[in-house]
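The lines below spell out each chain.
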Amino acid sequence: MNAPSRQTLTDRELRWLRNLARHGPQSSEFLLEVSADTHRCRDTGQRTLQKLRETGYLRRPPQQKQIAKADFNPHVYDLTPQARLYHKWLGDPIPVRPQGHWGHSFLTASITSALAIAAGRQGYRYIPAHEILGRSGATLAVPVGREKLIPDALFAIQYQTGFRSFVLEVDRGTEPLRSQAARKSLQRSLRLYHNLAQQDHLRRHYTLKSPLLHLFAFTNPTRAARCLEMAKEVSPGLKDTLLVQTVPEGFPRYEGDRERVCGEWRRNRERSMLVV
């Protein structure tokens with residue numbers, strides 16, 4: 001394969017591109033935090049991001065203009081075909097990114113990126129989905145009878161004392177809590193995860209040896225509380241592995257996301273735990 005026309009990307013620029021490839025679209029706040037350990041000047045970082053856009057490696061998704069007060073938010077960046085070609089030329093593995101509605105993917109990417117940044121600063125290793133699936137040969141989608149369950153994200157973290165694996169579901173309040181129809185609902189998601197937990201099928205599908213935790217992130221605190229209540233009813237098998245958190249609604253900001261997702265996740269009304 002011929003190399004892309006520009007072969008002189010710096011280590012920082014490659015870190016940004018690989019972070020976008022791994023997690024999905026993110027604002028400049030998150031990208032600058034990725035390289036904050038080596039480059040502290042944010043003005044220089046903003047100019048470099050703009051240069052990558054001008055040279056065809058980054059783009060600004062038009063959907064960001066649909067977010068409230070868009071002109072006052074940091075720029076959002078994502079990869080261009082040229083950037084993906086560069087990854088392929090480097091021999092990078094094909095990543096597994098959030099799918100579906102752009103706003104949903106954007107929030108999911110912000111959560112996993114914040115967790116990955118925090119893990120690195122703690123001296124832990126964030127293991128993305130493509131490493132897990134590449135080792136096992138599994139698909140992200142998990143068969144559950146005639147249905148399929150597709151987590152919004154799959155990842156693991158290697159701590160100093162061992163590993164934990166995680167599946168993430170992000171709830172922006174766009175689906176009903178319950179539904180008698182065949183559409184997706186919070187109740188249906190909990191029931192599917194419960195069914196998989198009964199036979200430890202999720203861990204076996206991904207060939208995971210480490211404990212598996214189920215993360216549910218909500219933009220609405222009331223829905224987060226209802227999730228814990230519903231779990232007692234429809235998914236008692238998740239009582240020790242279901243962790244719930246609320247994240248700020250609206251445009252994801254690094255400090256707000258970091259404070260929440262890197263804080264304590266509620267396991268039930270009495271117990272909570274840290275992810276990183």
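In what follows, the structure referred to is the one given above.
Small disclaimer: the values here were computed from a predicted structure and weren't measured.

Colleague: I'd like a rundown of the overall build of the protein chain, residues and numbers included.
Modeller: When helices and strands are tallied, the protein chain shows 10 helices and 12 strands. Taking the intrachain contacts of the protein chain between residues at least 6 apart in sequence as the baseline, contacts between residues at least 24 apart amount to 68%. As presented, the protein chain carries roughly 13900 Å² of accessible surface, and 48% of it is formed by carbon and sulfur atoms. The centroid of the 43 positive side-chain charges in the protein chain is displaced by 3 Å from the centroid of its 26 negative side-chain charges.

Colleague: Which residues make up the pairing of strand S8 (residues 162-171), and what are the values?
Modeller: S8 sits mainly inside the fold: seven of its 10 residues count as buried. Of the strand pairs in this sheet, strand S7 (residues 153-159) and S8 are connected by seven bridges, and their pairing is antiparallel. Following the sheet pairing, Leu 154 is matched in S8 by Val 167. Hairpin connection, S7 to S8: the antiparallel pair is bridged by two residues. Across seven bridges, the pairing between S8 and strand S9 (residues 212-218) is parallel.

Colleague: Help me get a handle on the nonpolar core, residues and values and all.
Modeller: With 46 residues, the main nonpolar core has Ile 111, Leu 168 and Val 275 as its most contacted residues. It is helix H5 (residues 102-121) that provides the largest number of residues to this core, a total of eight residues. When near neighbours in sequence (up to four residues on either side) are disregarded, Val 275 contacts Leu 115, Ile 157, Tyr 159, Phe 166, Leu 215, Gly 263 and Trp 265. If you look at the next biggest cluster of nonpolar residues, it comprises 32 residues, including Ile 127, Ala 129, Ile 132 and Phe 216.

Colleague: I'd like a rundown of the sheet that holds strand S3 (residues 76-79), residues and numbers included.
Modeller: The antiparallel open sheet is built from three strands, whose spatial order is S1-S3-S2. Either end of the sheet is taken by a strand with one partner, and the two such strands are strand S1 (26-27) and strand S2 (58-59).

Colleague: For the pattern of salt bridges, give the residues involved together with the corresponding values.
Modeller: One pass over the full model with this rule turns up 16 salt bridges. Among the ionic pairs, Arg 223 bridges to Asp 171, the shortest N-O distance being 2.8 Å. One end of the pair, Arg 223, is in helix H9 (residues 221-234); the other, Asp 171, is in strand S8, with 52 residues separating them in the sequence. Salt bridges here are not isolated pairs; linked through shared partners, they connect Glu 33, Arg 42 and Arg 121.

Colleague: How would you explain the layout of surface pockets if you had to name every residue and give the values?
Modeller: Counted as a void, the largest pocket has a volume near 420 Å³. Taken together, 18 residues form the lining of the largest pocket, with Arg 15, Asn 19, Val 34, Ala 116 and Ile 117 sitting closest to its centre. Listing elements by their share of the lining of the largest pocket, those giving two or more residues are helix H1 (11-23), helix H2 (28-34), H5 and strand S4 (125-127). In the lining of the largest pocket, the residues fall into seven nonpolar, three polar and eight charged.

Colleague: Requested: an account of empty space enclosed by the protein, with residues and values cited.
Modeller: Remark: the empty space left among the atoms is shown by a probe the size of a water molecule rolled over them. Using the criterion set out here, one finds one cavity of 30 Å³ or more in the structure. Around the largest cavity, the lining is made up of 15 residues, and of these Arg 22, Val 96, Ala 129, Ala 153 and Leu 154 lie nearest the centre. For the lining of the largest cavity, the secondary-structure elements that each account for two or more residues are H1, H5, helix H6 (129-136) and S7. Tallied by class, residues from the lining of the largest cavity come to eight nonpolar, four polar and three charged.

Colleague: Break down the packing of aromatic side chains for me, citing the residues and quoting the values.
Modeller: Applying the stated criterion across every chain yields a total of 10 aromatic pairs. Plain terms: the ring middles of Trp 102 and Phe 106 are 4.9 Å apart, the flat faces sit at 20 degrees to each other, and that makes the pair stacked. Placement of both Trp 102 and Phe 106 in helix H5 is noted, with a separation of four residues, approximately one turn of the helix. Owing to a relative accessible area of 3%, Phe 106 belongs among the buried residues under this scheme. Ring centres 5.5 Å apart and planes at 65 degrees place the aromatic pair Phe 106 and Phe 251 in the edge-to-face group. Of this pair, Phe 106 sits in helix H5 while Phe 251 sits in the loop between strand S10 (242-246) and helix H10 (254-261), and the two are 145 residues apart along the sequence. Here the guanidinium or amino end of Arg 164 rests over the ring plane of Tyr 159, the centre of that ring lying 5.1 Å away.

Colleague: Provide a residue-level description of the packing of H5 against H10, including the pertinent values.
Modeller: In contact at an axis separation of 9 Å, H5 and H10 are set at 70 degrees when each is read in the N-to-C sense. Our classification of the angle between H5 and H10 gives roughly perpendicular. Of H10, the residues touching H5 (which contributes Ser 110, Ile 111, Ala 114, Leu 115, Ile 117 and Arg 121) are Tyr 254, Asp 257, Arg 258 and Val 261. Its residues placed into classes, the contact of H5 with H10 shows six nonpolar, one polar and three charged.

Reading the values: rules and limits
Residues numbered from 1 in each chain as written. Predicted model: local features only at pLDDT ≥ 70, side-chain atom pairs only at ≥ 80, totals over all residues. Heavy atoms only, no water. Helix = DSSP H or I, 4+ residues; strand = E, 2+ residues; numbered from the N terminus. Contact = heavy atoms within 4.5 Å. Areas by Shrake-Rupley, 256 points an atom, 1.4 Å probe, with all protein chains shown as cover. Lys, Arg positive; Asp, Glu negative; His and termini not counted. Charge placed at Lys NZ, Arg CZ, Asp CG, Glu CD. Buried < 20%, exposed > 50% of the residue type's maximum accessible area, 1.4 Å probe, protein only. Pairing = 2+ DSSP bridges. Core = buried A, V, L, I, M, F, W, Y, C linked by side-chain atoms within 4.5 Å. Salt bridge = Lys/Arg side-chain N within 4 Å of Asp/Glu carboxyl O. 1 Å grid on protein atoms, 1.4 Å probe; cavity = no way out; pocket = protein on both sides within 12 Å on 5 of 7 lines; lining within 4 Å. Points joined across faces, edges and corners; volume = space filled by probe spheres on them. Nonpolar A, V, L, I, M, F, W, Y, C, P; charged D, E, K, R; others polar. Phe/Tyr/Trp six-rings, centres within 6.5 Å; stacked < 30°, edge-to-face > 60°. Lys NZ or Arg CZ within 6 Å of the ring centre and 35° of its normal. Axes fitted to C-alpha atoms, helices over the stretch in contact; angles between N-to-C directions. Parallel < 35°, antiparallel > 145°, perpendicular 65-115°, else oblique.

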